[in-house]
Amino acid sequence: MATEPQKRKWPKLFHVLDINNDGVVERADMEIIARNITDLRGLEPGAPEHQELHNRLLAFWVEIEELSDTNHDDKVTLKEWLVYWTEMTASPGRYRSVIQPITQFIFTFLDRNGDGQVTFDEYRGLYQALGIDPVVASE
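Heads up: these notes are all about the structure in this document.

Basis of the calculations
- Residues numbered from 1 in each chain as written.
- Predicted model: local features only at pLDDT ≥ 70, side-chain atom pairs only at ≥ 80, totals over all residues.
- Heavy atoms only, no water.
- Helix = DSSP H or I, 4+ residues; strand = E, 2+ residues; numbered from the N terminus.
- Buried < 20%, exposed > 50% of the residue type's maximum accessible area, 1.4 Å probe, protein only.
- Salt bridge = Lys/Arg side-chain N within 4 Å of Asp/Glu carboxyl O.
- Expected span 1.5 Å × (residues − 1).
- Arc of directions from axis to C-beta.
- Contact = heavy atoms within 4.5 Å.
- Lys, Arg positive; Asp, Glu negative; His and termini not counted.
- Polar contact = N/O pair within 3.5 Å; in protein donor to acceptor, adjacent residues only side chain to side chain.
- Core = buried A, V, L, I, M, F, W, Y, C linked by side-chain atoms within 4.5 Å.

Some words on unusual backbone geometry
The backbone of His72 shows a phi angle near 55 degrees, a positive value even though the residue is not glycine. Along the chain, His72 turns up in the loop between helix H3 (48-68) and helix H4 (78-89). Accessibility expressed as a relative area gives 66% for His72, which makes it exposed.

Written out as structure tokens, the structure is:
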């Protein structure tokens, strides 16, 4: 069951993932995010880490699209997004199977030196890759 803090975060995450600010989340947004993160890390297309991040973000998109794109227009509106997260949190097993691997991969990807910690500079880089003012990271 979703908590109130989760419900407040869902629209924020939607707007973060709508990186081109067109009011919907779609495959193109995930591709831009993947490119921004791999550019930040200096990874060339075709590099194993580059391909792995790209594949995981696209798999995340497919999951979102399958569950929430009710009109099958290859776009997810905020309304559809909220339905997706409501259904996702109602199934703890599904939530863990989808979200935890992505979260773990992003953490590992950001942990550039492999010390098991994400530094503030690494964290700020994620904000930059997501098109968020890096100054906000300190807040």
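Moving on from the model shown.
A word on the environment of Asn55
Checked against the element boundaries, Asn55 lands in helix H3. For the pair Asn55 and Met30, spaced 25 residues apart in the sequence, the C-alpha separation amounts to 9.9 Å.

Details of the pattern of salt bridges
Taken as a whole, this structure holds 4 salt bridges when the rule is applied. Between Glu4 and Lys7 there is a salt bridge; the shortest N-O distance is 3.5 Å. In this pair, Glu4 and Lys7 both sit in helix H1 (residues 4-17), 3 residues apart, roughly one turn of the helix. Judged by relative accessible area, Glu4 falls into the partly exposed class, the value being 48%.

Quick look at helix H2 (residues 27-41)
Residues that lie three or four places apart on an α-helix share one face, since the helix turns once every 3.6 residues. Over its 15 residues, H2 runs 21 Å from end to end, which matches the ideal 21 Å to within 8%, given 1.5 Å per residue. Burial in H2 covers these residues: Asp29, Met30, Ile33, Ala34, Ile37 and Thr38. Buried residues in H2, looked at end-on, bunch into an arc of 160 degrees, giving them a common side. Each element contacted by the buried residues of H2 is listed here: H1, H3, helix H5 (92-110) and helix H6 (120-129).

With respect to the side chain of Glu122
In this structure, Glu122 sits in helix H6. In contact with Glu122, other than residues within four places in its own chain, are Leu110, Asp111, Arg112, Asn113 and Gln117.

Some details on the side chain of Glu80
Relative to the helices and strands, Glu80 is located in helix H4. Summary of buried charges: Glu80 has no salt-bridge partner, and the nearest side chain of opposite charge, Lys79, is 8.8 Å away. One polar contact links the side chain of Glu80 to the main-chain amide nitrogen of Thr70, over a distance of 3.2 Å.

A word on the environment of Leu58
Here Leu58 lies in helix H3. Expressed as a C-alpha distance, the spacing of Leu58 and Arg27, which sit 31 residues apart in the sequence, is 7.0 Å. Sequence-distant contacts of Leu58, that is, excluding residues within four places in its chain, are made with Arg27, Met30 and Glu31.

Notes on the nonpolar core
Counting residues in each nonpolar core, the largest one holds 32 residues, and the members touching the most others are Met30, Phe60, Ile64, Trp81 and Trp85. Put simply, the parts of the chain that give this core at least two residues each are H1, H2, H3, H4, H5 and H6. The leading source of residues in this core is H5, at 7 residues. Apart from residues lying up to four places away in sequence, Trp81 is in contact with Trp10, Leu13, Phe14, Leu17, Ile64 and Val76.

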